[in-house]
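# Structural overview for review
Here are the chains, one letter per residue:
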Amino acid sequence: SFHENPKKIIDVTPTLRTDEYAENDILFNKQEIPKAVKEEGGCSKLLNITVNSEKATFKDLHVVLFQENQSLDAAGDEISVSAADGTAAKMLGWYSLTSGGNCDLGNFTTTNVGVITQVNPFLLQAASGSTSCYFIAILRDSAETYGADDLTFRFHIEY
């Protein structure tokens, strides 16, 4: 109807480990994107991902999105998703967020990637009986130590 809001920004702030991550470490196990789609088992369009960081410099990340509530690697482990787990997760795709696309604001950085630089359009599909999708992030840069809530992932979604 006319009064429905067809767009939404969903913030997810995963709890990070506070000891050092190495390059290619997974930052956290799967995180939920609640209400990623409007109806159970539905589909939406991911317009953009923005990552706000409480670090002065942004490190390159890969953000991998998937449909199922599937546990993957543990936080701090070097990424090594098994074929069985990757298949069970029903991968939807990934984004490369690079430090070249960041905006340095002093002791805070923000970066974003538009779908135009990746596969366009990028669709999110929830599992049957769910309105959520899930994601992980992989550090693709040199070692970094984060505070527990240093990164907020903002998903810009159109229903």
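Residues numbered from 1 in each chain as written. Predicted model: local features only at pLDDT ≥ 70, side-chain atom pairs only at ≥ 80, totals over all residues. Heavy atoms only, no water.

## Topic: the overall build of the protein chain
A tally of helices and strands in the protein chain yields one helix and ten strands. When the elements of the protein chain are put in sequence order from the N terminus, they spell out β-β-β-β-α-β-β-β-β-β-β. Computed over its C-alpha atoms, the radius of gyration of the protein chain comes to 15 Å, within 12% of the 15 Å expected for a compact globule of 159 residues. On the principal axes, the C-alpha backbone points of the protein chain span a range of 45 × 40 × 25 Å. Relative to its full complement of 159 residues, the protein chain shows a buried share of 41%. Counting every atom, the protein chain has about 7,700 Å² of accessible surface; 47% of that belongs to carbon and sulfur. Averaging the positions of the 12 positive and the 22 negative side-chain charges in the protein chain gives two centres separated by 8 Å. (Helix = DSSP H or I, 4+ residues; strand = E, 2+ residues; numbered from the N terminus. Rg over C-alpha atoms; globule rule 2.2 N^0.38 Å. Buried < 20%, exposed > 50% of the residue type's maximum accessible area, 1.4 Å probe, protein only. Areas by Shrake-Rupley, 256 points an atom, 1.4 Å probe, with all protein chains shown as cover. Lys, Arg positive; Asp, Glu negative; His and termini not counted. Charge placed at Lys NZ, Arg CZ, Asp CG, Glu CD.)

## With respect to the side chain of histidine 156
Tracing the backbone through its elements, the reader meets histidine 156 in strand 10 (residues 151–158). At a separation of 3.0 Å, a polar atom in the side chain of histidine 156 contacts the side chain of threonine 50. When neighbours within four sequence positions are excluded, histidine 156 is seen to be in contact with Lys8, Ile9, Lys45, Leu46, Leu47, Asn48, Ile49 and Thr50. (Polar contact = N/O pair within 3.5 Å; in protein donor to acceptor, adjacent residues only side chain to side chain. Contact = heavy atoms within 4.5 Å.)

## A closer look at the sheet that holds strand 4 (residues 61–66)
The strands making up a sheet are joined through hydrogen bonds of the backbone, oriented either antiparallel or parallel. Read from one edge of the open sheet, four strands run 2-9-4-5, paired in antiparallel fashion. One side of each edge strand has no neighbouring strand; the edge strands of this open sheet are strand 2 (31–33) and strand 5 (91–97). Strand after strand, the sheet turns through a mean of 30 degrees between neighbouring axes, direction not considered. (Pairing = 2+ DSSP bridges. Axes fitted to C-alpha atoms, helices over the stretch in contact; angles between N-to-C directions.)

## Brief notes about the state of the cysteines
A full pass over the atoms with the stated rule returns zero disulfides. The thiol of cysteine 43 is not disulfide-bonded; the next cysteine sulfur, from cysteine 133, is found 8.3 Å away. (Disulfide = S-S within 2.5 Å.)

## Quick notes on the side chain of threonine 50
Within the fold, threonine 50 resides in strand 3 (residues 43–53). Take threonine 50: its relative accessible area is 11%, and that puts it in the buried class.

## Looking at the environment of lysine 8
The topology assignment puts lysine 8 in strand 1 (residues 7–12). Residue class for lysine 8 comes out partly exposed when judged on its relative accessible area of 36%. Among all residues touching lysine 8, those that are not within four sequence positions of it are Phe155, His156, Ile157 and Tyr159.

## Considering the nonpolar core
Counting residues in hydrophobic clusters, the biggest one holds 28 residues, and the most contacted among them are Leu27, Leu65, Phe153 and Phe155. Contributions of two or more residues to this core are made by strand 1, strand 3, strand 4, strand 5, strand 8 (122–125), strand 9 (133–139) and strand 10. Leucine 27 has contacts with Leu16, Tyr21, Leu61, Ala75, Ala137, Leu139, Tyr146 and Leu151, leaving out every residue within four places of it along the chain. Core analysis: the next-biggest nonpolar cluster, separate from the first, contains eight residues, Ile26, Val64, Phe66 and Ile138 among them. (Core = buried A, V, L, I, M, F, W, Y, C linked by side-chain atoms within 4.5 Å.)

## Focus: the confidence of the model for the protein chain
Keep in mind that low pLDDT regions are not for reading the predicted coordinates in detail. When pLDDT is averaged across the protein chain, the result is 88; 91% of the residues are at 70 or more. Looking across the protein chain, the model is least confident in strand 7 (residues 109–114), with a mean pLDDT of 66, and most confident in strand 2, with 98. (pLDDT = per-residue confidence, 0-100.)

## Thoughts on the environment of glutamate 20
Structurally, glutamate 20 can be placed in the loop between strand 1 and strand 2. Spatially, the C-alpha atom of glutamate 20 lies 12 Å from that of aspartate 141, the residues being 121 residues apart in sequence. Each residue touching glutamate 20, except ones within four places of it in the same chain, is listed here: Ala143, Glu144 and Thr145.

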